[in-house]
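Each chain is listed here by its residues.
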Amino acid sequence: MWKWSFSRSSFMAAGAFVLVSLGSVSAIQAAPQVRVEGLFKGAAVLNIDGQQVMLKDGKTGPGGVRLISATSREAVVEIDGKRHALQLHTAIGGNYQKAETTQVVIRKNNNDQYMVNGSINGQSVKFLVDTGANTVAMNELEARKLGLQYRIDGKESQVVTASGVSKSWVVKLDAVKVGEIQVPNVDAVVVQGGYPTDVLLGMSYLNYVKLQEQNSTLMLEKKF
């Protein structure tokens, strides 16, 4: 019997956005180069001269860049005494090189979970990040929505869940993608019935990314 545990660790998830961490370049002017990479109510993720920081309203970061205010639509930053209103992925102070490292930044939701939008085989899915799951996992309803022929193509097995032993099917997903981080040929399991209620983003995908958690924010970074 192939045993599989759905134990949930602290890495579980909410509203997310894609963050591209940019390589540093030589400054072309005295003012720091600033790019808005993520927006929240009262906080923003900024790339300042190639250094990625998260600032809350009123806080000052590298180069004396101060975040005056932030909403989900724009950030007001103060640079050398001048204020600038910047929207997501807009920049001031110079040009940036092409992205070198792809990251996804996820904020914890009110249920202390990390949820993130992504896709399976090109179809939209909302994932619950779960480092306690050793594969991507979903219930039968989600599998049917994705058009997976799990009863035909999958290998019948069993999994151990919090509710006991359940029938399941081991399948291979063509691609799992979160933000710009796509992993091909991902192992997954389809569990008979309605459990798990969320599609679990387990270690068969997460093994290909670096995980870093700080201040209720989870960052996924592509390893290769």
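The shown structure was predicted, so the numbers you read here are calculated from the model rather than taken from an experiment. (Residues numbered from 1 in each chain as written. Predicted model: local features only at pLDDT ≥ 70, side-chain atom pairs only at ≥ 80, totals over all residues. Heavy atoms only, no water.)

Structural notes on the sheet that holds strand β6 (residues 74-79)
Line of reasoning, step 1. Spatial strand order, β5-β6-β7: three strands in an open sheet with antiparallel pairing. Lying at the two open borders of the sheet, with one neighbouring strand each, are β5 (66-70) and β7 (82-87). For this sheet, the mean inter-axis angle between neighbouring strands, taken without regard to orientation, is 25°.
Line of reasoning, step 2. Judged from the four bridges that link them, β5 and β6 form a sheet pairing that is antiparallel. Within the sheet, the bridge partner assigned to L67 lies in β6 and is V77. (Pairing = 2+ DSSP bridges. Helix = DSSP H or I, 4+ residues; strand = E, 2+ residues; numbered from the N terminus. Axes fitted to C-alpha atoms, helices over the stretch in contact; angles between N-to-C directions.)

What about the sheet that holds strand β4 (residues 51-56)?
Strands pair in a sheet through their backbones, by hydrogen bonds, and they do so in one of two ways: parallel or antiparallel.
Line of reasoning, step 1. Spatial strand order, β4-β3-β2-β8: four strands in an open sheet with antiparallel pairing. Of all strands in the sheet, those bounded by a partner on one side alone are β4 and β8 (91-92).
Line of reasoning, step 2. The pairing of strand β2 (residues 34-40) with strand β3 (residues 43-48) spans six bridges and is classified as antiparallel. Across the sheet, residue V36 finds its bridge partner in β3, namely L46.

Comments concerning the pairing of strand β10 (residues 115-120)
Line of reasoning, step 1. Of all six residues in β10, five are buried; the element is thus mostly enclosed.
Line of reasoning, step 2. Pairing of β10 with strand β11 (residues 123-129), which is carried by six bridges, proceeds in the antiparallel orientation. Across the sheet, the residue bridging to S119 is S124, located in β11.
Line of reasoning, step 3. Between β10 and β11, which pair antiparallel and follow one another directly, the connecting turn spans two residues, one of which, N121, has a positive phi of 50°.
Line of reasoning, step 4. Across three bridges, β10 lies against strand β14 (residues 164-178) in antiparallel orientation. Each bridged residue has a counterpart across the sheet, and for I120 the counterpart in β14 is V176. (Buried < 20%, exposed > 50% of the residue type's maximum accessible area, 1.4 Å probe, protein only.)

As for the confidence of the model for the protein chain
Line of reasoning, step 1. Summary statistics for the protein chain give a mean pLDDT of 82 and a share of 82% for residues scoring 70 or more.
Line of reasoning, step 2. When pLDDT is averaged over each helix and strand of the protein chain, the minimum, 36, is found for strand β1 (residues 14-22) and the maximum, 98, for strand β16 (residues 199-201).
Line of reasoning, step 3. Below pLDDT 50 for its whole length, residues 6-29 participates in 110 contacts with residues either more than four positions away or in separate chains.
Line of reasoning, step 4. Within the model, the stretch residues 94-101 combines pLDDT values under 50 with 25 contacts to residues more than four positions away or in other chains. (pLDDT = per-residue confidence, 0-100. Contact = heavy atoms within 4.5 Å.)

Topic: unusual backbone geometry
Residues apart from glycine generally show negative phi values, whereas peptide bonds are mostly found in trans.
Line of reasoning, step 1. A cis geometry characterises the amide bond from Y195 onward to P196, with omega recorded as 0°.
Line of reasoning, step 2. Within the fold, P196 resides in the loop between β15 (181-191) and β16.
Line of reasoning, step 3. Backbone geometry at D49 places phi at a positive 50°, although glycine is not the residue there.
Line of reasoning, step 4. When you line up the elements, D49 lands in the loop between β3 and β4.
Line of reasoning, step 5. Under the relative-accessibility criterion, D49 is labelled partly exposed at 37%.
Line of reasoning, step 6. If you check the backbone angles, D112 has positive phi at about 65° while not being a glycine.
Line of reasoning, step 7. Along the chain, D112 falls in the loop between β9 (99-107) and β10.
Line of reasoning, step 8. Residue class for D112 comes out partly exposed when judged on its relative accessible area of 46%.

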